[in-house]
Amino acid sequence: MKLKISEIFFSIQGEGPLIGYPSLFIRLFGCNLNCFWCDTPYAKGENFYEEWEVSEIVSFWEKNFKFIPFITLTGGEPLLQNSVYSLISEFLNKGCIIVLETNGSISLERVPQEVIKVMDIKTPSSGMEKYNLYENFRFLIKKDAVKFVIKDKKDFEFALNIIEKFKLLYYTQVFLSPAYPFLKPQTLANWILETKKPLRFQIQLHKVVGIK
């Protein structure tokens, strides 16, 4: 079974439930959305990718990073490739802790419960709001997370409405991140403080540190 891979690299997890942990990142190629502020346009379209067998990816981890259990599957959109489920199964069998970063437009029904799911909800500034699959919320629990990328006040108000409408804070984690470089982190932090609600501010740690 093969997968189209944009890149594989080792770095610090810069966001989400496992922020700060050294992780092996596997960026799958291809995306079904086209967000205005996409920060990985090289992982889709006519750009470069390699084809890896599932077994080759697992062997690469075993040879180089066997004592790092954290695997992040990102994209692009990982769930576009059916072979990703075999990759997930192989890593789970090895005892790995898997984070799946998904754009939220594809059903999470087939994703094993053990996987930490980090699901985007696309805000209006992305231009992709109509593709949000809200029924995916029923597949999330406390270890998982919903992420909103915020570019402006309209996005922020949109996120507040979704969080309240679906009672997200009661059953999963919620992160709000400023859209780099359009919104200053301080601005979003102040908006959160003004609500006096237990919302969770997030900034991309790897960009602060200056690594990939």
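Residues numbered from 1 in each chain as written. Predicted model: local features only at pLDDT ≥ 70, side-chain atom pairs only at ≥ 80, totals over all residues. Heavy atoms only, no water.

Q: Help me understand the pattern of salt bridges, please; the structure alone is not making it clear to me.
A: Pairing of side chains with opposite charge becomes possible as their charged atoms draw close. Applying the stated criterion across every chain yields a total of 9 salt bridges. A salt bridge links K122 to D120; the nearest nitrogen and oxygen atoms lie 2.9 Å apart. A salt bridge links K143 to D144, with the nearest nitrogen and oxygen atoms 2.7 Å apart. Exposure remark for K143: the relative accessible area of 26% places this residue in the partly exposed category. Through salt bridges with shared partners, one network takes in E15, D120, K122 and K147. (Salt bridge = Lys/Arg side-chain N within 4 Å of Asp/Glu carboxyl O. Buried < 20%, exposed > 50% of the residue type's maximum accessible area, 1.4 Å probe, protein only.)

Q: Explain the sheet that holds strand β2 (residues 22–28) to me, please; I cannot follow it from the model alone.
A: Hydrogen bonds between backbone groups are what pair the strands of a sheet, and the pairing can be parallel or antiparallel. If you walk across this open sheet you meet the 8 strands as β3-β1-β2-β4-β5-β6-β7-β8, and the pairing is mixed. Pairing within the sheet leaves two strands with one partner each, and these edge strands are β3 (50–53) and β8 (173–178). Across the sheet, the mean angle from the axis of one strand to that of its neighbour is 30 degrees, orientation sign disregarded. Direction of pairing for strand β4 (residues 70–74) relative to strand β5 (residues 97–102): parallel, over a ladder of 4 bridges. (Pairing = 2+ DSSP bridges. Helix = DSSP H or I, 4+ residues; strand = E, 2+ residues; numbered from the N terminus. Axes fitted to C-alpha atoms, helices over the stretch in contact; angles between N-to-C directions.)

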